[in-house]
Amino acid sequence: MRDAAPQAIHLADYTPPNWLIDLVELDFTLDPKATRVRSRVHFTRNPAVARGDLQLDGEKLTLISAAIDGEALSENDYQLTETALTVPADRLPDDGFIWEAEVEIAPADNTALEGLYMSGGMYCTQCEAEGFRKITYYPDRPDVMAPFTVRIHSPMPVLLSNGNPVDRHGPVAEWHDPWPKPAYLFALVAGDLVAYSDHFMTMSGRPVALNIWVRRGDEDKTHYAMGALKRSMTWDEQVYGREYDLDVFNIVAVDDFNMGAMENKGLNVFNSKYVLASPETATDRDYEFIEGIIAHEYFHNWTGNRITCRDWFQLCLKEGLTVFRDQQFSGDMRGHAVKRIDDVLSLRARQFREDAGPLAHPVRPESFVEINNFYTATVYEKGAEVIGMLKRLVGDEAYYKALDLYFTRHDGEAATIEDWLKVFEDATGRDLTQFKRWYSQAGTPRLSVKGDFKDGTYRIEFTQETKPTPGQAEKHPLVIPVAMGLIAEDGTELEPTRVLEVTEPRQAFQFHNLPSRPVPSLLRGFSAPVILDHSPSFEDRALLLAHDTDPFTKWEAGRSLSRETLLAMLRDGTPPAAAYLRALTTVAGDDRLDPAFRALTLALPSEDDIAQGCVDAGLVPDPTQIHTTRKALSNAIAETARDALETIYNQMVTDGLYSSDAGPAGRRALRNTALRLLTPLDGPVRARAQYDAATNMTDQLAAFACLLEAGDTDIAARFHEQWHGDRLVMDKWFMMQVAHAAPEEAVIRAKILTEHPDFDWKNPNRFRSVIGGLTAANPAGFHDPTGAGYAFLTDWLLRLDKANPQTAARMSTAFETWRRYDADRQGLMREQLDRIAATDGLSRDLAEMTGRMLTG
């Protein structure tokens, strides 16, 4: 018999908790198979609601005992289910009481990596969103906040929890976190670890001890992460006025982790790939991610911890704001132009794709079955774009004034989107009723543009439309800030950046007293997350590519030319225009431009991006044809720009000691772009020489990719021989072989790698490296017309779902675009989705995702 379908939870049904908490006391006696957790929770009645039951969440717990105010409870005093323990109101004191419970759990058996689990002999926790209920019975909801005191019993040499250390005697350690927090921010770590330590002096002169805890042998790879942490702390003081509030800040690197990192108060737990780095083992991209994610988790101390979200529907309040803050930080550290382009590429690749398919949902969802399924690009990246639009609309000064008010008004509270917007309305006097639709309306708006020039006046008309999405057939006009300028035909700027507010379905603006026909530079800085439906001439885009003063729209001009060229090649075999190839060659050889910008301009749209472009153009995408056509255009660019590319390769050498700073990293990015373009023309000699001479992983991995695509039969074995002892580098080894396999060989290569003795499918990083290497990095291989890729993915999803439902559900999104392909591929993917849906014992995580993809 199939299990009953899990019931959806709705935002409209929110009710405040019956009971609040003054203090939580936890006592852990750690054992891999039989950890005892004793809780002592000081409850007080919530005066805002009528007296009600005590509702405690709990899953996979063995209850040993329970008591209220020291009096033991019998089984007749409460109702116990697989997910909750409820004490009726008539069994409770009127105003407050102390709840005590003892439970037993088995961390070593916890393969889902939620709650308390083990990783390489280390005890660690992951409680967001609802993992704490797998540790003890508790009201596991973000609007219940309390200080925590934690005592840990274990022979492990390092015993850590939230807050400040209180005492350590032999095998017992005590920690106290004075700041009220919800249970999802609880953390505990115990293991044989070593620390790289430093210190930080806050702006008020208070010292903070800093520690990054790692496995023995990894301590030399923590220096960059420590520097990133200190830069983050300084930046948050200088830009937002936010000072750290504990005596110690600990980071722990963990190999088995479902996500990137977790902002637990005072004890951040990180996926080790976002902490550990050395020039020999980490790429420039790795360093960039480490800096950004360290910053993101640290910034949560105020935007997420001190002020949290009232319920999980408000997740974007903490995540969207914190992503925006880490993007600001990374821009300040590495350069805003390239950072903005990189953020937009990620948004379009992940969030626009999400908005266009069956998994579309608002930035603030209205309902969910499993909250883990809504840690999405929409909540994070689009949520950050909404913050950026708000800042652009009210201006910098008003934005920071509103943030100061937000921190003052809601410190120590669990807030909502309404609270957030009310702060801006009070600080600026602006009515944000229409703007609020960005939080409630799913889908990516399409902004159509028409322009006309007559008698010195340029008139531009915008039409906005958002297509229906699952559960939302009717759409309403949004507030869309369009930053634009005007460029003269001789390349001079006629009108500097000006922000137009498009609020109506159709709206026109005029620019007067212009000396000549202007070329509009639209959506500067990507001022709104919209699809721009605008078809300027080739000459106008070439003009913008050569002369636009805004880096994003300059890059976008080249990007749109590449997309248009690819679509023409796919539609009827039209060869790339010589003028287009010359334009890219000019950019490639322009030494006045940032090398990183030049590398981005030379990079063609991804195969997935091209597939969506086909759909927008009324074509049915053929992944095999897209792959072949994209390679053909890449070779045409290389042929035309050969001289410039050879000069780049020879000139962009980074001598001396390795630096991950933006300047040297940009030079390596451009040089390796030249290597990638030249290798198919000239053969593997240059790539092999670079591989042999490489002193850093960025250059070695770039050469490795080229050699794999060139068919070098020995290079994978050489790489493995050199790096088999480094688990993070081996993740790259697995991924690269699948990502750079010929499409017709990709599924076979992935199957072979899953049989390799180093493939640990229960480790999320290793699983993603192979399965994601196929589904995300080799679309033509995944969409092999036989359906082998679809069956391969389904086999592994069903296997992983029994051990780690959260990761299985996230990896299932490879099927979200199934309706955009030809009938044969649709049928093959539908067959696999039906197979998943019909499986007995499916987790609610994977069941919800499959159901949405089938019916959305």
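Summary of the structure given here. (Residues numbered from 1 in each chain as written. Predicted model: local features only at pLDDT ≥ 70, side-chain atom pairs only at ≥ 80, totals over all residues. Heavy atoms only, no water.)

Space inside the second largest pocket adds up to approximately 1200 Å³. Around the second largest pocket sit 40 residues that line it, and Glu59, Lys60, Ser843, Arg844 and Asp845 are the ones nearest its centre. Listed by contribution, the elements that provide at least two residues to the lining of the second largest pocket are strand S9 (96-105) and helix H27 (844-855). Of all the elements, H27 adds the most residues to the lining of the second largest pocket, at 6 residues. Of the residues belonging to the lining of the second largest pocket, the class tally is 14 nonpolar, 9 polar and 17 charged. (1 Å grid on protein atoms, 1.4 Å probe; cavity = no way out; pocket = protein on both sides within 12 Å on 5 of 7 lines; lining within 4 Å. Points joined across faces, edges and corners; volume = space filled by probe spheres on them. Helix = DSSP H or I, 4+ residues; strand = E, 2+ residues; numbered from the N terminus. Nonpolar A, V, L, I, M, F, W, Y, C, P; charged D, E, K, R; others polar.)

With that settled, consider the sheet that holds strand S31 (residues 531-533). Spatial strand order, S29-S26-S25-S31: 4 strands in an open sheet with mixed pairing. On the outer flanks of this sheet lie strand S29 (506-511) and S31, each paired with one strand and no other. Each adjacent strand pair in this sheet contributes to an overall mean axis angle of 25 degrees, direction not counted. Both strand S25 (residues 446-454) and S31 contribute to a ladder of 3 bridges, which runs parallel. The partner of Arg446 across the bridge, within S31, is Ile531. (Pairing = 2+ DSSP bridges. Axes fitted to C-alpha atoms, helices over the stretch in contact; angles between N-to-C directions.)

The end-to-end C-alpha distance of helix H5 (residues 377-394) is 25 Å, a good match for the 26 Å that 18 residues give at a rise of 1.5 Å each. Where H5 bends most, the angle comes to about 25 degrees, and this point is Gly383. Of all 18 residues in H5, 17 are buried, a share of seventy percent or more. Count one or two residues on from H5 and you reach Gly395, which has phi positive near 95 degrees. (Expected span 1.5 Å × (residues − 1). Bend = angle between axes of the 7 residues up to and from the residue. Buried < 20%, exposed > 50% of the residue type's maximum accessible area, 1.4 Å probe, protein only.)

Membership of the largest hydrophobic core comes to 182 residues, with the highest contact counts inside it found for Trp99, Tyr138, Phe186, Tyr406, Trp420, Phe435 and Phe462. It is H5 that provides the largest number of residues to this core, a total of 9 residues. Not counting residues within four places of it along the chain, the set of residues in contact with Phe462 comprises Leu447, Ser448, Val449, Val482, Met484, Leu500, Val502, Pro505, Arg506, Gln507, Phe509 and Leu522. Among the nonpolar cores identified, the runner-up in size contains 86 residues, and Leu566, Ala611, Ala703 and Ala808 belong to it. (Core = buried A, V, L, I, M, F, W, Y, C linked by side-chain atoms within 4.5 Å. Contact = heavy atoms within 4.5 Å.)

Here we take up the environment of Lys134. Position of Lys134 among the secondary structure elements: in the loop between strand S11 (122-126) and strand S12 (146-153). Taking the C-alpha atoms as reference points, Lys134 and Asn778, separated by 644 residues in sequence, lie 37 Å from one another. Excluding anything up to four places from it in sequence, Lys134 contacts Glu59, Leu61, Ile105, Ala112, Glu114 and Gly115.

Quick look at the environment of Pro529 now. Assignment of secondary structure puts Pro529 in the loop between strand S30 (519-521) and S31. Those residues in contact with Pro529 that lie beyond four places of it in its chain are Leu347, Phe352, Glu385, Met389, Trp438, Thr444 and Pro445.

With the rule as written, the count across this model stands at 46 aromatic pairs. Taking the centre distance of 5.3 Å and the plane angle of 25 degrees together, the rings of Phe43 and Phe97 count as stacked. Here Phe43, found in strand S3 (residues 35-45), pairs with Phe97, found in strand S9; they are 54 residues apart in sequence, far enough to count as distant. Grouping residues by exposure puts Phe43 and Phe97 together as buried. With 6.5 Å between their ring centres and 45 degrees between their planes, Phe352 and Phe526 make a pair best called tilted. Of the two residues, Phe352 is situated in helix H4 (residues 336-355) and Phe526 in the loop between S30 and S31; the sequence distance between them amounts to 174 residues. Just as Phe352 is buried, Phe526 falls in that class too. The side chain of Arg306 reaches across the aromatic face of Trp179, ending 3.8 Å from its centre. The ring of Tyr649 carries Arg686 above its face, with NZ or CZ at 5.6 Å from the centroid. (Phe/Tyr/Trp six-rings, centres within 6.5 Å; stacked < 30°, edge-to-face > 60°. Lys NZ or Arg CZ within 6 Å of the ring centre and 35° of its normal.)

The omega angle of the peptide bond from Glu128 to Ala129 is 5 degrees, so this bond is cis rather than trans. Its place among the elements puts Ala129 in the loop between S11 and S12. Positioned with a positive phi, Asp455 is a non-glycine residue whose angle comes to about 55 degrees. Take Asp455: it is sitting in the loop between S25 and strand S26 (457-465). One non-glycine residue with positive phi stands out, namely Phe526, at about 50 degrees.

Turning our eyes to something else, we now look at the packing of helix H10 (residues 551-572) against helix H12 (residues 595-602). Here H10 crosses H12 at 30 degrees, and the two axes come no closer than 9 Å. What the angle tells us is that H10 and H12 run roughly parallel. Crossing hand, H10 versus H12: right-handed. Taking contact as the criterion, the partners of Pro551, Lys554 and Trp555 in H10 are, on H12, Phe597, Leu600 and Thr601. Within the contact of H10 with H12, the residues separate by chemical class into 4 nonpolar, 1 polar and 1 charged. (Parallel < 35°, antiparallel > 145°, perpendicular 65-115°, else oblique. Left-handed = near helix turned anticlockwise from the far one by under 90°.)

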